[in-house]
Protein chains: 2
Amino acid sequence: MLSQTTFPVSTSTIRDPHVRALLAQSKPGSVTFFPTDSVIYAQGDQAGPLYLVEFGTIRICRLTADGRRQVNSFHFAGDVFGFEAGDEHQSYAESVDGAGIRVLRAVDGSGFAEKLLGLALRGLARVQEHLLLLGRMNANEKMAAFILDLLQRQDADDVVMLPMQRNDIADYLGLTFETVSRVLRVLKDRRIILLPSVDRIEVLDADALAEVN
Amino acid sequence: MLSQTTFPVSTSTIRDPHVRALLAQSKPGSVTFFPTDSVIYAQGDQAGPLYLVEFGTIRICRLTADGRRQVNSFHFAGDVFGFEAGDEHQSYAESVDGAGIRVLRAVDGSGFAEKLLGLALRGLARVQEHLLLLGRMNANEKMAAFILDLLQRQDADDVVMLPMQRNDIADYLGLTFETVSRVLRVLKDRRIILLPSVDRIEVLDADALAEVN
DNA sequence: CGACCAATTGAATTGATTCAAGGTCCGTGG
DNA sequence: CCACGGACCTTGAATCAATTCAATTGGTCG
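Residues numbered from 1 in each chain as written. Chains lettered and ligands numbered in written order. Predicted model: local features only at pLDDT ≥ 70, side-chain atom pairs only at ≥ 80, totals over all residues. Heavy atoms only, no water.

**Brief notes about the overall build of chain A**
Reasoning step 1: In terms of regular secondary structure, chain A is built from six helices and 11 strands.
Reasoning step 2: By the compact-globule yardstick of 17 Å for 213 residues, chain A fits well, its C-alpha radius of gyration being 18 Å.
Reasoning step 3: Principal axes of the C-alpha set define a box for chain A whose edges measure 55 × 40 × 30 Å.
Reasoning step 4: For chain A, with 213 residues in total, the buried portion stands at 49%.
Reasoning step 5: Expressed as a percentage of contacts within chain A between residues at least 6 apart in sequence, the contacts between residues at least 24 apart total 70%.
Reasoning step 6: For chain A, the accessible area works out to roughly 10,000 Å², and carbon and sulfur atoms hold 51% of it.
Reasoning step 7: Charge separation in chain A, taken as the distance between the mean sites of 22 positive and 28 negative side-chain charges, equals 1 Å. (Helix = DSSP H or I, 4+ residues; strand = E, 2+ residues; numbered from the N terminus. Rg over C-alpha atoms; globule rule 2.2 N^0.38 Å. Buried < 20%, exposed > 50% of the residue type's maximum accessible area, 1.4 Å probe, protein only. Contact = heavy atoms within 4.5 Å. Areas by Shrake-Rupley, 256 points an atom, 1.4 Å probe, with all protein chains shown as cover. Lys, Arg positive; Asp, Glu negative; His and termini not counted. Charge placed at Lys NZ, Arg CZ, Asp CG, Glu CD.)

**Describing the protein's contact with DNA strand D**
Reasoning step 1: Near DNA strand D you find 16 residues, and of these Thr179(A), Arg182(A), Arg166(B), Ser181(B) and Arg185(B) are the closest.
Reasoning step 2: Within 4 Å of the protein, atoms of DNA strand D come from sugar and phosphate in 65% of cases.
Reasoning step 3: Within the side chain of Arg166(B), one N or O atom sits 2.7 Å away from a phosphate oxygen of DNA strand D.
Reasoning step 4: Considering each element in turn, the surface near DNA strand D owes the most residues, five residues, to helix H5 (residues 177-189) of chain B.
Reasoning step 5: Grouping the amino acids of the surface near DNA strand D by side-chain chemistry returns four nonpolar, six polar and six charged. (Near = heavy atom within 4 Å. Polar contact = N/O pair within 3.5 Å; in protein donor to acceptor, adjacent residues only side chain to side chain. Nonpolar A, V, L, I, M, F, W, Y, C, P; charged D, E, K, R; others polar.)

**Side note on the protein's contact with DNA strand C**
Reasoning step 1: Close to DNA strand C lie 16 residues; Ser181(A), Arg185(A), Ala139(B), Thr179(B) and Arg182(B) are nearest.
Reasoning step 2: In DNA strand C, atoms within 4 Å of the protein come from the sugar-phosphate backbone in 64% of cases.
Reasoning step 3: Ala139(B) places a polar main-chain atom, nitrogen or oxygen, 2.7 Å from a phosphate oxygen of DNA strand C.
Reasoning step 4: Among the secondary structure elements, those contributing two or more residues to the surface near DNA strand C are helix H5 (177-189) of chain A together with H5 of chain B.

**Quick look at the interface of chain A and chain B**
Reasoning step 1: In this complex, chain A contributes 38 residues to the contact, which on the side of chain B involves 38 residues.
Reasoning step 2: Put simply, chain A and chain B have six salt bridges between them.
Reasoning step 3: Of the charged contacts in the structure, one is a salt bridge between Arg136(B) and Asp171(A), with a shortest N-O distance of 2.8 Å.
Reasoning step 4: Taken together, chain A and chain B are joined by 14 residue pairs in polar contact (both at pLDDT 80 or more). (Salt bridge = Lys/Arg side-chain N within 4 Å of Asp/Glu carboxyl O.)

**Comments concerning the relation of the copies chain A and chain B**
Reasoning step 1: Rotating chain A by 180° and moving it 0.0 Å along the rotation axis overlays it on chain B with an RMSD of 0.0 Å. Such a combination of rotation and displacement between the chain copies is what one expects of a two-fold axis.
Reasoning step 2: Interface overlap between copies: 100% of the residues of chain A at the interface are likewise at the interface in chain B, consistent with a symmetric, same-surface contact. (Least-squares fit on C-alpha atoms with pLDDT ≥ 70 in both.)

**Let's talk about the environment of Val212(B)**
Residues and elements named next belong to chain B.
Reasoning step 1: Here Val212 shows up in the segment after helix H6 (206-210).
Reasoning step 2: Accessibility expressed as a relative area gives 9% for Val212, which makes it buried.
Reasoning step 3: A C-alpha to C-alpha distance of 9.9 Å links Val212 and Asn138, two positions 74 residues apart in sequence.
Reasoning step 4: Setting aside anything within four residues of it in sequence, one finds Val212 in contact with Asn140, Glu141, Ala144, Leu187, Arg190 and Ile192.

Below is the structure:
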């Protein structure tokens, strides 16, 4: 009963030491494919398992009572997501662009908590960074910070792929999709970026991005 | 060498099971008093110890390069703060109103990580909640949510004490202090709250608060 | 090709900020 | 005890950044 998908093929390609450590302590399940916009878990679902992104992009979101959406985070290949405080998810996870997800289950008796703590603390740091962005940055600064974050996470030094659409970016940055569009135009007009296609940004001047008004 | 302040007097009065569990696994130091606006730890300081608030209020903040401030959280008596991802604090902690802080150090060999994980995950949940507030709520909603949060955390059902000043609230909610002032006036005019003094809110209609436009 | 969905762009509006002027509170010293 | 000074808070008026509403363009897929 050995199938390819149950074998932890991804382990060797994971860079992040926290994730590597976690993988070593867990029993990876098979990879499941989630088509664009499909739900990985819903708000209110039982929490518990962790998820490893094998490929593709997922978004973690919350809704207000009247349906406004905040995208808390995006996760790419190699990222682990799904840990929650209580036994219920207060946010929901969706595939952005068709993503392969592997479920991770803790191996009994191992120091799983230590490994998970490292990831949780880093998640906390990320989110706190995002508080500063949402609370104290203007539209241009938000977009610039987003592009720089993607540059770094995609390990590229000038081309950023945008697997998510304007609406997702807007809900991540606390803007409207029209504003996202306009800000990109401003950055283009200032010769800081190029927009060769709708899902691709070429960064001409990363320093300028970091100093956008 | 037994002094009153080194004895963990607070343990018995702590409600939060996560904090109780953590206290049981740690060696509480003595209580230090931090006067108003004094720094508990600075950005860039070595991280490591955890801190338990004995009395008073503290704020956790971050600054942008040009000095804008985001208050990430407030902590009151019984709250634990100070955990960070790396070995350096990326935010700084200050006393808001004169606070007593006890340092907690892990006892060797105990399951400290498990205990800390619970707290970290809850912190994560809190911060994610705050993302929704900063990203998708208007000024009135932000203020209403803040008051309701304080109501709950102060375990009161109609009177909220505001140990922090307008500026702190503004930087917590991603507003200016003038807007905070104006929003409070709006809520007063709508007969949802009373403002018997500058550091005190009486909630007349908590349901209305939860439904503020 | 036509239909549909996403993205862009423009114009008008608005919510929050900025700038400016008072007001309140509180501690200190005459 | 009261006057003064300073810090914080409130309120008003003008401004501005971002949103809303509306139209158009672009891209993709049957």
